[in-house]
Each structure stands twice: as C-alpha cells, then as structure tokens.
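# Analysis of the macromolecular model
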Amino acid sequence: MTVKIFDTPEVQNFLNTIAGFDQEGGSDRAKQILHRILSDLFRTIDDYDITPEEYWSAVSVLNALGQGTQFGLLSPGLGFDHFLDMRMDAADAEAKRTGGTPRTIEGPLYVAGAPEVQGTGRMDDGSDTDGETMWLNGQVRDTQGNPVAGAKVEVWHANSKGGYSFFDPTQSEYNLRRTIITDSDGRYAVRSIIPSGYGCPPDSPTQEVLNLLGRHGERPAHIHYFISAPGHQHLTTQINLAGDPYTFDDFAFATREELVIPANRIDDAGEIARRELDGPFSEVVFDIVLAKTDEAALQNRHARPRAKEREQDQASQLAGTARV
Ligand SMILES: [Fe+2]
C-alpha cells in the first residue's frame, strides 16, 4: 500500500487546525514553527510510507529519552549543537567579530555554582588515584594580544572513568569543576587529573538511535570551558586532548582543529617542585583569545536550563502553575 495524501486539502486544513491557526490565543511564532515541523513530519510519513509500528516505536524511544533525561545527549549526537554553533559562527563572521578562539558545544553536563579560585587552585579532590596529574594552564588575551585580567574561566571535566560530578553520585560535590579568575597577567593555572573520554551508555535510548545509523557514541578526552570578561564576547568551548582514538571522530561533533591540545608529559624534578606537585605530570596549555564587544547580550552565555539553575526553573514553573 502506497498512498500519498499530504497535499490534499483535507490534510492541509488538518495541519492548520492542529497548529491553532484559527485560534486567538497562544504564540504566533510557536504556531508557525509547529506547523512547519508537523508538516515536515507528516510529509516524511507519507513519502516513506511509515507504518503504525514504526511510528509507535519512535514514540517509545522518545518516551525513553525523556525518562532518562537523554535529549541533551542525543542532541549533539544528531548534530543540533554543532549546527547552532555553525549559525553563531556565521553571525560572528558577518558582524566581523573575528579573531577569537573558536567556540564549540557546551554539552549537557555543566553545573552552576562551582567554587571560585583566584589565579590558581586544585580541581580534583585527590580520590581518583587512577587519574594522571594534569597541570592545566594558559593565558586569556584580547584580539590585540593584551592580557585580560580578572576574566572568569569556568572549567569542568570528567574523571578517569569518564564520569562527571553531580551526575555521578560517587564523586564529591563540584569535583573537577572550578571557576578560576585570571591574575593580573590574564593567567590561570590549576592542578587536576587527565580526564578520560567516554561513551553513551550501551543500553541507552541515545545509543539505540545511533545504532540505527551505524554510529558509535564515543567522545574523546576533553575539557569544557566558559570564558567571560566585561567588554568581551562570552566564549563556550572545549579542548580535545590530542592522541585519543576519538579526537577526530567525536560522536558529538565538538572537535575543531584549533582546539586539539597535547598533554605533555613532564618528569623533570625542578618543574615538579616549582608547581608543588608530588611526581611526574602532564601539562596542558590552553591560551584563549576573546573577541571584544559592547553588546551586553553577547557578554553572557545564552540562557538554557542547566543543573542547579534548572532546580530554580522548575520551582518557579511549579509556582506558576499551582491552582488556588
Ligand atoms: Fe563532556
């Protein structure tokens, strides 16, 4: 059975009704966008002769994704996060906001409220004995090469098993999460451990979708950053450590050539003593260039429900829907 009904007046009128075009209330933008998305999906069902079995199995996957709060994981896997970056890159290029360190995706695992340190500090709680000591440092500069003192460098990364504190209950609060304020020379330096790459859980609905596409769900070892300073464009980025088998094969499409950084093994006793470490370590140097802007909106990260912030969002939504 192959039928084509999408272009019939009946289906077109039906779509207009579903999208609330004949209703006064609601949001015009939401109506237009929903109308477009539903039209595209209805057309897909028609064009590919999608069966009821296929449709309901998709609904089941969506329910499983929601139940596991995995939309935030599938989103980069299906390229949405990188596509939004590509659009912001294009907008920057058009406005001539160029010359800064490239952005790349945030991912779903940022947690607001990490401890703040001035210039230097330690990110790991010392409990991950499999983790190789990492000395992560760099300088924040503007596009003219001037150091940016007092810049806020927020860093978060996984432990040696690929898990993030807050989401991994075995880790201490804010382990491997810090906000570092750059010193008078724009520099930041923290002791931490080399993170491991990680993959989507094999039995997860995210991996189920990737399996259908013949794709793996692995990410290379990486370190997330938010960098901000008054008068400069907020930067969301991450570095991928060189040499990981997935450095250039990231399921989340976050890798950018300029953001691949080596971890250099150092075993010189003088260098170890200078950093007050207890043995050989790997040094990771990431210098950051921020583009200047006077636009207030560009100086802050975009709004998005995030852990810790999200609890407040949900609390306010509940307050808004309570009936008396
Ligand atoms: Fe990550």
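Further up the page is the structure itself.
Figured I'd write up the structure that's included with this text. (Residues numbered from 1 in each chain as written. Predicted model: local features only at pLDDT ≥ 70, side-chain atom pairs only at ≥ 80, totals over all residues. Heavy atoms only, no water.)

## Notes on helix α2 (residues 28-47)
What counts is decided by this rule: For the purposes of this entry, the term helix denotes a DSSP run of H or I that reaches at least four residues, the term strand denotes a run of E that reaches at least two, and both are numbered from the N terminus. Under the convention used throughout, the expected extent of a helix is 1.5 Å for every residue step, that is, one less than its residue count. Throughout, a residue-residue contact means that at least one pair of heavy atoms, one from each residue, lies within 4.5 Å.
Between its first and last C-alpha atoms α2 spans 28 Å; for 20 residues at 1.5 Å apiece the expected length is 28 Å, and the two agree. On its buried face, α2 is in contact with α1 (9-18). Trailing α2 by a residue or two, Asp49 shows a phi angle of about 55°, which is positive.

## With respect to the sheet that holds strand β10 (residues 235-241)
Filter applied, for reference: Strands were regarded as paired on the criterion that DSSP finds at least two bridges between them.
Sheet architecture is open: 6 strands sit in the order β1-β5-β4-β9-β10-β11, paired in mixed fashion. Edge strands, defined here as strands with exactly one partner in the open sheet, are β1 (116-118) and β11 (260-261). Direction of pairing for β1 relative to strand β5 (residues 177-181): parallel, over a ladder of 3 bridges. For Val117, the partnering residue across the bridge sits in β5 and is Ile180.

## Remarks on the pattern of salt bridges
Selection rule: Any carboxyl oxygen of Asp or Glu within 4 Å of a side-chain nitrogen of Lys or Arg constitutes a salt bridge here. Partly exposed describes any residue whose relative accessible area lies between the buried limit of under 20% and the exposed limit of over 50%, with all areas from a 1.4 Å probe on protein chains only and scaled to the type maximum.
Considering all chains together, one arrives at 21 salt bridges under this definition. Arg265 is paired through a salt bridge with Glu132; the nearest N and O atoms lie 3.1 Å apart. Linking Arg265 in strand β12 (residues 264-266) with Glu132 in the loop between β2 (120-122) and β3 (133-142), this pair joins segments that are 133 residues apart in sequence. Judged by relative accessible area, which is 53%, Arg265 ranks as exposed. Exposure remark for Glu132: the relative accessible area of 30% places this residue in the partly exposed category. Two residues, Arg301 and Glu154, come together in a salt bridge whose shortest N-O distance is 3.2 Å. Note that Arg301 is positioned in the loop between β14 (288-290) and α8 (309-321) and Glu154 in strand β4 (residues 152-157), a separation of 147 residues in sequence. Assessed through its relative accessible area of 24%, Arg301 is described here as partly exposed. Take Glu154: its relative accessible area is 9%, and that puts it in the buried class.

## Focus: the coordination of the iron ion
Heads up, the rule is: Only N, O and S atoms count as donors, using a 2.8 Å limit from the metal and a wider 3.2 Å limit for Na, K and Ca, and since water is excluded some coordination spheres may look unfilled. Think of it this way: with four donors and all angles in the 85 to 135 degree range, the site is tetrahedral; with four or six donors, opposite ones beyond 155 degrees and the rest between 65 and 115, it is square planar or octahedral; otherwise it is irregular.
In this structure, Tyr164 (OH), Tyr198 (OH), His222 (NE2) and His224 (NE2) serve as the protein donors to the iron ion, at separations of 2.0 to 2.3 Å. The site at the iron ion holds 4 donor atoms, and with the angles between them running 94 to 163°, its shape is irregular. Written as a sequence motif, the donor residues of the iron ion are Y-x33-Y-x23-H-x1-H. You can see Tyr198 sitting in strand β7 (residues 198-199) and its partner His222 sitting in strand β9 (residues 222-228), a full 24 residues away along the chain. Residue classification places His222 among the buried positions, given a relative accessible area of 1%.

## Comments concerning the packing of aromatic side chains
Heads up, the rule is: Working definition: rings of Phe, Tyr and Trp (its six-membered ring) pair if their centres are within 6.5 Å, and the pair is stacked with planes under 30 degrees apart, edge-to-face with planes over 60 apart, and tilted otherwise.
Per the counting criterion, the structure on display carries 9 aromatic pairs. Ring geometry for Phe14 versus Phe42: centroids 6.4 Å apart, planes at 35°, classification tilted. Here the residue Phe14 occupies a position in helix α1, and Phe42 occupies one in helix α2, the gap between them amounting to 28 residues. A relative accessible area of 26% means that Phe42 is categorised as partly exposed.

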